[in-house]
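Now for the letters of each chain:
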Amino acid sequence: MKINIITEPKIYVIGSQVVNNSELKRFLNDEGISNWETDTQVPGEKLIEHGGRLCYMSFRKPRPGGNKSYIKHILEVKHGSVLEHCVFTIVITGISRRCCEQLTRQRVGWSPSQLSQRFVDETDDNTITVVLPPEMRRHYYEYLRFEKSKHDYDEEINRQNIYRPLNPTDSSKLFESWKNTLEVSAETYESLSEELYEKMPESLGKTARRKAAREAARSVLPNCTETKIQITCNARALRHFIELRAEPSADAEIRILAINLLYVLRDISPNVFGDYDVLANENGVAYALTQYPKV
Ligand SMILES: Cc1cc2nc3c(=O)[nH]c(=O)nc-3n(C[C@H](O)[C@H](O)[C@H](O)COP(=O)(O)OP(=O)(O)OC[C@H]3O[C@@H](n4cnc5c(N)ncnc54)[C@H](O)[C@@H]3O)c2cc1C
């Protein structure tokens, strides 16, 4: 069984909004407002400002500072509901089932669709894909270093026709025992999937048998098995998630995800996500703070 190790999540923002400017203009014309414009090019930011201004019909005399200053004011006064007009559809891969279980604890403003372990074979091509827990990284790199030096050393031994054993370090042994356990789990999963399938009555049909077999076999898969998820969520919920999960006491894997998500969203929508400071923690995993939490 091959173990495919992932060290970082991947984030794809596959959907965001467009503004129907002719309908927006029709609404403003109907209300007798002829001159409202905003300076942002980001549709979600424009919809936030429009939603906020509609509450007070404050289109006629906007304060200086444009959309950035408008959204900053929204954050200051905690008028958070208007941030819900800004929505993204995001695909995340390279996270563990364990991390995803934490991600899907968000109940409000989140719509998840996650890879099904009942339908999808987790050991396709005789390979299981797992996510390396951040604390294991240095042991993994030490293992790779040791394996390489062992290989170089073996070549040297062959040349010189001498034998001196090279001892693995504690770090490389620690990683190896982790990897060996995963191999056993993945092999058990594979054989259970096949054997349970074979033992079920044929009359059930192939799809039902395969689903039932995987559903039982997945019970032995490790927590670090990779998963994929698509979420559609609004900016208010995303801010709440970043604040909960990018803070120093959060689990390291989800903290890395939250920080990476923040970087991606800050590029797309700087007026909504530009207020966070990203700081370095002593264990090497960054964390983020804002002066406008939970708006
Ligand atoms: C460091 C850390 C450790 C954690 N450890 C654990 C743990 O050991 N065990 C565990 O089970 N969970 C744990 N969690 C998960 C945590 O308890 C929350 O379930 C998760 O972070 C989602 O937060 P939330 O409820 O604020 O978000 P959402 O579910 O998205 O809700 C957003 C907001 O809506 C409001 N809201 C939502 N539902 C209700 C409701 N029913 N009634 C009233 N108001 C509501 C609240 O204001 C809430 O903050 C942990 C989270 C963190 C960050």
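Whatever comes next refers back to the structure up there.
Below or above, wherever it landed, is the structure these notes cover. (Residues numbered from 1 in each chain as written. Predicted model: local features only at pLDDT ≥ 70, side-chain atom pairs only at ≥ 80, totals over all residues. Heavy atoms only, no water.)

Brief notes about helix α6 (residues 170-199)
Taking 1.5 Å per residue, 30 residues should reach 44 Å; α6 reaches 43 Å between its end C-alpha atoms and fits that length. Inspection of α6 places Ser171, Ser172, Phe175, Trp178, Lys179, Leu182, Glu183, Ser185, Ala186, Tyr189, Ser193 and Tyr197 among the buried residues, and these make up the whole buried set. (Helix = DSSP H or I, 4+ residues; strand = E, 2+ residues; numbered from the N terminus. Expected span 1.5 Å × (residues − 1). Buried < 20%, exposed > 50% of the residue type's maximum accessible area, 1.4 Å probe, protein only.)

What to know about helix α9 (residues 252-268)
Helix length check: α9 (17 residues) gives 25 Å between terminal C-alpha atoms against 24 Å at 1.5 Å per residue, within 8%. For α9, the set of buried residues is Glu253, Ile254, Arg255, Ile256, Leu257, Ala258, Ile259, Asn260, Leu261, Leu262 and Leu265. For α9, the N-terminal capping position is held by Asp251, with its side-chain oxygen 3.0 Å away from the main-chain nitrogen of Glu253. (Polar contact = N/O pair within 3.5 Å; in protein donor to acceptor, adjacent residues only side chain to side chain.)

Description of the pattern of salt bridges
Evaluated as defined, the whole model comprises 15 salt bridges. A salt bridge links Glu253 to Arg98; its shortest N-O distance comes to 3.0 Å. Here Glu253 is found in helix α9, whereas its partner Arg98 is found in helix α4 (residues 97-103), with 155 residues between them in sequence. Of the charged contacts, one joins Glu135 and Arg138 as a salt bridge, the two residues approaching to 3.2 Å between their closest N and O atoms. Taken as a pair, Glu135 and Arg138 share a single burial class, namely exposed. Salt bridges here are not isolated pairs; linked through shared partners, they connect Arg98, Asp251 and Glu253. (Salt bridge = Lys/Arg side-chain N within 4 Å of Asp/Glu carboxyl O.)

Considering the site of the ligand
The full set of residues close to the ligand is Arg105, Gln106, Arg107, Val108, His240, Leu244, Arg245, Glu247 and Lys294. Here Arg105 contributes a side-chain N or O atom positioned 2.7 Å from an oxygen atom of the ligand. Measuring from an oxygen atom of the ligand, one finds a side-chain N or O atom of His240 at 2.7 Å. Broken down by class, the residue content of the shell around the ligand amounts to 2 nonpolar, 2 polar and 5 charged. (Near = heavy atom within 4 Å. Nonpolar A, V, L, I, M, F, W, Y, C, P; charged D, E, K, R; others polar.)

A look at the packing of aromatic side chains
Scanning the model with the defined rule gives 8 aromatic pairs in all. Measuring from ring centre to ring centre gives 4.7 Å for Tyr143 and Phe175, while their planes differ by 45 degrees; the resulting arrangement is tilted. Of this pair, Tyr143 sits in helix α5 (residues 137-160) while Phe175 sits in helix α6, placing them 32 residues apart in sequence. Pairwise contacts between aromatic rings join Tyr140, Tyr141, Tyr143, Phe175 and Trp178 into one cluster. (Phe/Tyr/Trp six-rings, centres within 6.5 Å; stacked < 30°, edge-to-face > 60°.)

Here we look at the nonpolar core
Counting 40 residues, the largest nonpolar core has Ile90, Leu103, Leu238, Phe241, Leu257 and Phe273 as its most contacted members. Broken down by secondary-structure element, the contributors of at least two residues to this core are α3 (66-77), β3 (87-96), α4, β6 (226-234), α8 (235-245), α9 and α10 (270-273). With 7 residues, α9 is the largest single contributor of residues to this core. When near neighbours in sequence (up to four residues on either side) are disregarded, Phe241 contacts Leu103, Gln106, Trp110, Ala246, Ile254, Leu257, Ala258 and Leu261. (Core = buried A, V, L, I, M, F, W, Y, C linked by side-chain atoms within 4.5 Å. Contact = heavy atoms within 4.5 Å.)

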